[in-house]
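# Observations on the model geometry
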Amino acid sequence: MSVAALVINDVRPEIVEIFRDVFQFDGRVTSRTSPDEVTRWDSLQHIALVRTIEHTFGISMSMDEMAELRSAGDIERVLVRYGV
Amino acid sequence: MAPNLRHLQAASLRQIGNARLAGHGERECAPSRILESLLDEAPELVRRRSLLPAFDWRQASADQVARLLRSLAGARVNVPLWLIKGLLVGGHRLPTATMETCSQELRILAALNALDDGQIPDALADQIGDCTRYGDMEPAVASAMVARLVALSNTSLACCLALSQARTSPEALRPVRKELQSEIAGLPSLRLRLAGTSTTHGLKEALVPAFAAAGRCVEIAEGPFGSVISELLEPDETADALAVLLDREHFLSLDWRGSAREARRLVDERLDTLTDAIKAYCRKSPRPLLVTTLPASISPTSGHIDRVHATGESGIVAELNRRLAEIAVGVPSLHLIDADHALASIAPSERSDPKLWFYGRIAYAEPALRALAHGFARVWQARERGRAKVLALDFDNTLWGGVYGDDGIGRLECGDDFPGNAFKALQQECLRLKAQGTLLVGLSKNNPDAIDVLSKHPGMALKDDDFVATAINWEPKPDNLRRLAGELGLGLESFVFLDDSPHEREAMRRMCPAVIVPELPSDPARRPQWLRSLACTWPLRLTDEDSRRSEMYVAERRGRELQESSGSYEDYITGLEQRLLVEPLSVGTLPRAAQLHERTNQFNLTTRRLGEADLRTYLSGESRAAFVGRVSDRFGDHGLVLAACATVQGDTARIETLVMSCRVIGREIEAAFLDAIAEALAKRGAKRLVGLYRPTAKNAIVRDFYPSLGFAAAGDEDGADLWEKLLVGSAAPRLRPVTVEWGTQ
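Residues numbered from 1 in each chain as written. Chains lettered and ligands numbered in written order. Predicted model: local features only at pLDDT ≥ 70, side-chain atom pairs only at ≥ 80, totals over all residues. Heavy atoms only, no water.

### Brief notes about the overall build of chain B
Selection criterion: Every helix listed is a DSSP run of H or I at least four residues long, and every strand listed is a run of E at least two residues long, numbered separately from the N terminus. Exposure is judged per residue with a 1.4 Å probe applied to protein chains only, and the accessible area is read against the type maximum: over 50% gives exposed, under 20% gives buried, and values in between give partly exposed. Should any heavy atoms of two residues lie within 4.5 Å, those residues are counted as being in contact. Values of accessible area rely on a 1.4 Å probe in the Shrake-Rupley scheme; residue burial ignores everything except the protein chains shown.
Looking only at helices and strands, chain B features 32 helices and 17 strands. Judged by the C-alpha coordinates and their principal axes, chain B covers about 110 × 75 × 55 Å. Buried residues in chain B amount to 50% of all 745 residues. Considering only intrachain contacts with a sequence separation of at least 6, the fraction spanning at least 24 residues in chain B is 70%. If you sum the accessible surface of chain B, you get close to 34600 Å²; carbon and sulfur atoms cover 50% of it.

Dropping the structure here:
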């Protein structure tokens, strides 16, 4: 098997960890988890979220991607795009 | 089935370890199973630095690590530093023999990993304490050490370490986030108002750990977005200080439709508005104002002529910084946080994130904000604690290369040629500090004639006279330093000790914990620049007095030598031929008078810390008077060492403050000064003179000052003793061994 065979089921553990850390969110994190459920996910904490994702995965997102993140699944999609 | 490693060469094992394998049921590709398949090849992989450097060793079992080390030993492969670091960060124990060549911080981590329960030996705790004071650690090591301390349930040490490393290792704060809140809340608080030309939220977050590391719990009130000018013009009366974050973008949004001249006029308007507001704040408020300078331009707006053309960003940045510096020269409450120095170690790409600028007017990225916050905290710390006053210097292999006792003068390295030029450069830095008011003392284990090296060796920049005191003998250095501190009348916390020997540094830290003992780099080439960056020596402002301080101490030392050789104390004092020049406080003497009020602890009757703004109110008016005194004797000039402020009401004059530098204590100068003030106040119509003494932990020396000069007790007021004396009808002051003259300015 090869790296290409590693397919992601749902959101990866690091993203769950980030939600716990940045938003102090204790609920279940799925690809659909969004600001509707996560009360602390406001425009200010959005910056913290972006910084933490960039730092954790060693990537640098674009402005569009920053605007695009509206759920945990969006984060997965961005990460896959960066080959992470 | 182990995955085929060849296909995994390019990928990081850490990422793979965390991903799930699809198509194999729920079976996880556990990192420890991957490691299992690597262990057989370990010596080869270590030699090639392949695969293993990326492994997260927290995932390995103790047994696996033991097998790894055995297989390396079997193949006679040394355990390289990267592997030692990885294993220690992963929480593993290593045999002491492996650690021999490692840095102090790695050895500490190894010792922590080797502990079973929560009891941390004192010696180890001391070493961790040293880490919190001296230098930045690698982020991974710092984080691992903090996490290990938490696991050993020593949270207060963990908090202390995490805070000290927060600028370069913010991750280290994570394991102690909860504990930090109560640790920080226990510190003395400081109310800081924060305003910026861009969003200040990120700075606010960075300031909390930065100030906590400097011993302060900072409570921050942010002004509304972009409210710098109104915050400056209408200072928040409830705040202890105002901090201002500036950014280039604010001054540069030029209107390119007009001419270049027109565009520049708009920029100048903004510069004027800001600098005028800063001046207004400084006039109106005595509270400190901390302002960042603008960092150097990264993307020029006028290409090759960016420094030359009116619309060049570099030129505009330089112009604002120059104007800020000009204001700061005359205003001691204005402190500039040099953005270029703060950001120097941060890559330009890390200093700002363009998308955050457009998203929320965030001008600086996190690493830059942490560095700037550190700059703010450092300036504040310098304001509160002052700088180190004395540099205690070792001789052999510190001031020169070689050992005097073994090599003799001729073979010592110091001069204009390699490698002695590195030692001479360090000596020149010492002279620079001396010119900026730091005292130099020599502390050498040698026969006393080692001092001759300075005069006999042609390459030495330092001379015998540059040292205010030396202890050249075979006694322990901590004992010698204590003795010198006593002679100079300074506390141990005023000393910085530079020595190339780790043993001497260790001894000093243990025996005199108050002394600052930084890690002198082992490479002499690195030392001159290192000494420049040693922040505890940085002046916050300089007066003429600072540049002459060393001479004055040398004069005092000569005076003491005379005292030791002359018969009676009276003979000695008379032999000094002391002269006291008294003059009314003036604009020119304000800064030094304020400095005396701020610094003097012992000979200070009321310990009221009057600043320049407070003192200014004593410059004129019927009801107020202030005086300063300069002292000299046959050995030299002691400079402006006395200051006093008085208020006059009806026929009563009250001495509100009276301070004298302790370097002239015990020579009846204070009495002569008081006589002179009394005479001046009597001429203004005062018939009764009232003196105040407010006791503190440090000023017991002046408790009997007034009664010893014929004042009578007159009750007390707000914790201060009142003493009084009639100025008319009392006997003329007795003759003192001081010639008093009056100056006008």
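### Re the domain arrangement of chain B
Condition: Residue ranges for the domains originate in an automatic or database domain assignment.
Along its sequence, chain B is carved into domain 1 (36-169), domain 2 (187-385), domain 3 (390-540) and domain 4 (547-553 + 568-742). Between the C-alpha centres of domain 1 of chain B and domain 4 of chain B there is a distance of 60 Å.

### Considerations on the environment of M660 of chain B
Residue and element names in this part refer to chain B. Position of M660 among the secondary structure elements: in strand β13 (residues 652-660). For M660 and L605, which are 55 residues apart along the polypeptide, the C-alpha to C-alpha distance reads 9.3 Å. Leave out the neighbours within four places in its chain, and M660 touches T600, F603, V641, L642, I665, I669 and E670.

### A few points about the confidence of the model for chain B
All names here are of chain B. The line we're drawing: Scored from 0 to 100, pLDDT reflects the predictor's confidence in each residue.
Of all residues in chain B, 95% attain a pLDDT of 70 or more, and the chain-wide mean is 89. Between residues 1-27, whose pLDDT stays under 50, and residues either more than four places distant or in other chains, the model counts 43 contacts. What the predictor reports for the complex is a pTM of 0.76 with an ipTM of 0.85.

### A few points about the pattern of salt bridges
Two side chains with opposite charge may pair up if their charged atoms get near one another. Using the following cut-off: When a carboxyl oxygen of Asp or Glu lies within 4 Å of a side-chain nitrogen of Lys or Arg, that pair is called a salt bridge.
Under the defined criterion, the tally for this structure stands at 58 salt bridges over all chains. Close ionic contact of R174 of chain B with E17 of chain A constitutes a salt bridge, the shortest N to O distance being 3.9 Å. Of this pair, R174 of chain B sits in the loop between α10 (155-164) and α11 (177-185) while E17 of chain A sits in helix α1 (residues 13-23), on two different chains. Relative accessible area serves as the criterion here: at 45%, E17 of chain A is assigned to the partly exposed category. One salt bridge in this structure joins E668 of chain B and R736 of chain B, with 3.6 Å as the shortest N-O distance. Taken together, the residues span a long stretch of sequence, with E668 of chain B in the loop between β13 and α31 (669-683) and R736 of chain B in the loop between β16 (720-726) and β17 (738-742) at a distance of 68 residues. Its relative accessible area of 28% is what places E668 of chain B among the partly exposed residues. Residue R736 of chain B is classed as buried on the basis of its relative accessible area of 18%. One network of salt bridges, with partners in common, ties together D130, R505, E506, R509, R510 and E519 of chain B.

### Some details on a positive patch on the surface
All names here are of chain B. Counted only if it meets this: The residues that make up patches have over 30% relative accessible area and no salt bridge, and they are joined within 9 Å when like-charged or within 5 Å when they are Val, Leu, Ile, Met, Phe, Trp or Tyr. For this count, His and the chain ends are skipped, Lys and Arg are scored as positive, and Asp and Glu as negative. Taken as the charge location is NZ of Lys, CZ of Arg, CG of Asp or CD of Glu.
A surface patch of like charges, here positive, comprises K389, R599, R609 and K698. Among the secondary structure elements, K389 is positioned in the loop between α20 (366-385) and β6 (390-393). A relative accessible area of 36% means that K389 is categorised as partly exposed.

### Some words on helix α7 (residues 104-114) of chain B
At 3.6 residues per turn, the α-helix brings residues three or four places apart onto the same side. Taken as a whole, α7 of chain B has its buried residues at L106, I108, L109, A110, L112 and N113 of chain B. In the core, the buried residues of α7 of chain B are packed alongside α6 (81-89), α8 (122-133) and α9 (139-151) of chain B.

### Let's talk about the environment of D633 of chain B
Residue and element names in this part refer to chain B. This is how the line gets drawn: Any pair of nitrogen or oxygen atoms within 3.5 Å is treated as a polar contact; in protein, a donor-acceptor pairing is required on top of that, and neighbouring residues in sequence qualify only through side-chain atoms on both sides.
Along the chain, D633 falls in strand β11 (residues 624-633). Classification of D633 by relative accessible area gives buried; the value is 5%. Discounting chain neighbours no more than four positions away, the residues touching D633 are L576, E577, Q578, R579, H638 and R667. In terms of polar contacts, D633 uses its side chain to reach the side chain of H638, at 2.9 Å. Side chain to side chain, D633 and R667 meet in a polar contact 3.2 Å long.

### Considerations on the sheet that holds strand β9 (residues 495-498) of chain B
All names here are of chain B. Worth spelling out the cut-off: A pair of strands is considered paired only if DSSP assigns at least 2 bridges between the two. Lines fitted to the C-alpha atoms define the axes, with helices restricted to the stretch that makes contact. Angles between their N-to-C directions range from 0 to 180 degrees.
If you trace the four strands from one edge of the open sheet to the other, you get β8-β7-β6-β9, paired in parallel fashion. Both edges of this open sheet fall to β8 (467-473) and β9, since each of them pairs with a single strand only. Adjacent strand axes in the sheet meet at a mean angle of 20 degrees when their direction is disregarded. Pairing analysis gives six bridges linking strand β7 (residues 439-445) to β8, with the strands arranged parallel. Bridged to L440 within β8 is F467. Most of the contacts of helix α24 (residues 477-488) go to β7, to which it runs at about 150 degrees, and overall it touches β6, β7, β8 and β9.

### Some remarks on unusual backbone geometry
Cis geometry marks the peptide bond from F418 of chain B to P419 of chain B, where omega comes out at 0 degrees. Along the chain, P419 of chain B turns up in the loop between α21 (404-407) and α22 (420-435). For Q24 of chain A, which is not glycine, the phi dihedral falls at a positive 50 degrees. Within the secondary structure layout, Q24 of chain A lies in the loop between α1 and α2 (43-57). Residue classification places Q24 of chain A among the partly exposed residues on the basis of a relative accessible area of 42%. One non-glycine residue with positive phi stands out, namely E668 of chain B, at about 65 degrees.

### Digging into the packing of aromatic side chains
Just so we agree on the cut-off: Stacked, tilted and edge-to-face are the three classes applied to pairs of Phe, Tyr and Trp rings, where Trp contributes its six-membered ring and a pair requires centres within 6.5 Å; stacked means planes under 30 degrees apart, edge-to-face means over 60, and tilted covers the rest. Any Lys NZ or Arg CZ found within 6 Å of a ring centre and within 35 degrees of that ring's normal is scored as a charge over the ring.
Evaluated as defined, the whole model comprises 10 aromatic pairs over all chains. Their ring planes at 25 degrees and their centres at 5.2 Å tell us that F23 of chain A and W41 of chain A sit as a pair that is stacked. With a gap of 18 residues between them, F23 of chain A in helix α1 and W41 of chain A in the loop between α1 and α2 connect regions that are remote in the sequence. Exposure class is identical for F23 of chain A and W41 of chain A. Each is buried. When the ring of F55 of chain B is compared with that of W57 of chain B, the centres are 5.0 Å apart and the planes differ by 70 degrees; the resulting orientation is edge-to-face. Here a set of aromatic residues connected by ring pairs shows up, and it is made of F603, F705, Y706 and F711 of chain B. A cation sits over an aromatic face here: R383 of chain B above W380 of chain B, 5.6 Å from the ring centre. The side chain of R624 of chain B reaches across the aromatic face of Y618 of chain B, ending 4.4 Å from its centre.

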